[in-house]
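# Structure assessment
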Amino acid sequence: MTSADSDTGTDTGTDAADASDETVAESATEPKRQSGPRFPVIALSVAVALVVAATAVAGWFGVSWFRASNDDGLAYSGKRDEVDRVARAAIVTMNELDYRKLDEGLSNWADATTGPLHDEITNLTADKKKQLTDAKPITSAKITSSAVKELDDRGGKATVIAAIEKTVQTGDGKPQPSYQRIQATLTRTADGWKLETLGPVPYAQPQ
């Protein structure tokens, strides 16, 4: 210790040691101060990434659901169109007959039908066929409009209403036009949609 140090009462060696210790302590703690903020930043980055991922997944599911719902709608619309197409063709077939080609006409009727209606056609007796031949019918028809009233795709049932323009000639008479509204029920079979029932739509008289 110098005289100056003795006069001031300051322990220079002790102060130097303390300063050295503080420097070492600061150096030791400095890395901790630098690493401290990293965890919140990393956590925030992970959280943002998760939010982005969740948004992307939700968006993907939303797009997928939208596409699926549209696909379902398009599929159902296509099935309605198919039922309408088959019904129109079958209704025309069932309203066309030429006595000169009776067997061909009856075969076409049988191909277009199912159930009791099909059985009735295929079980026509020779007497019934002779009556048809003797009446000499020549009929033709065309659909002017149609609509699928009901469609149970799962159950394989459908109802179609159609307006038809029909021309009927019997014997030596002149062709007579007629207009009818027809209601047909269809059943899906192993061979596709077939007519199960066919008849005129009742006309309600105005009160």
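Structure's up top.
Below, the structure is looked at part by part.

Cut-offs and rules
- Residues numbered from 1 in each chain as written.
- Predicted model: local features only at pLDDT ≥ 70, side-chain atom pairs only at ≥ 80, totals over all residues.
- Heavy atoms only, no water.
- Helix = DSSP H or I, 4+ residues; strand = E, 2+ residues; numbered from the N terminus.
- Buried < 20%, exposed > 50% of the residue type's maximum accessible area, 1.4 Å probe, protein only.
- Contact = heavy atoms within 4.5 Å.
- Areas by Shrake-Rupley, 256 points an atom, 1.4 Å probe, with all protein chains shown as cover.
- Pairing = 2+ DSSP bridges.
- Salt bridge = Lys/Arg side-chain N within 4 Å of Asp/Glu carboxyl O.

A few words on the overall build of the chain. Within the chain, the secondary structure is distributed over 6 helices and 5 strands. Reading the chain from its N end, one meets helices and strands in the order α-α-α-β-α-α-α-β-β-β-β. Among the 207 residues that make up the chain, the fraction classed as buried is 23%. Restricting to contacts in the chain with at least 6 residues of sequence separation, those with at least 24 account for 53%. Carbon together with sulfur atoms contributes 56% to the accessible area of the chain, which is approximately 14,400 Å² in total.

Our focus in this paragraph is the sheet that holds strand 3 (residues 157-169). Spatial ordering of the open sheet is given by 1-2-3-4-5, a layout of 5 strands whose pairing is antiparallel. Across the chains shown, the open sheet's two edge strands, defined by having one partner strand only, are strand 1 (97-98) and strand 5 (192-200). Of the pairings in the sheet, the one linking strand 1 to strand 2 (residues 138-152) comprises 2 bridges and is antiparallel in character. Counted as the bridge partner of aspartate 98 is isoleucine 138 from strand 2.

With that settled, consider the pairing of strand 2. In this sheet, strand 3 lies alongside strand 2 in antiparallel orientation, the contact comprising 13 bridges. Looking across to strand 3, one finds that leucine 151 is bridged to alanine 158.

What follows covers the pattern of salt bridges. Counted under the stated rule, the structure contains 7 salt bridges. A salt bridge links lysine 79 to aspartate 153, with the shortest nitrogen-to-oxygen separation between them at 2.8 Å. Residue lysine 79 is located in helix 3 (residues 38-94), and its partner aspartate 153 is located in the loop between strand 2 and strand 3; the two are separated by 74 residues in the primary sequence. Among the salt bridges present, the one from arginine 85 reaches glutamate 82, with a minimum N-O distance of 2.8 Å. Of this pair, arginine 85 and glutamate 82 both sit in helix 3, 3 residues apart, roughly one helical turn. By relative accessible area, glutamate 82 is classed as partly exposed at 34%. Within the structure, one salt-bridge network assembled from shared partners comprises Lys79, Asp153 and Arg188.

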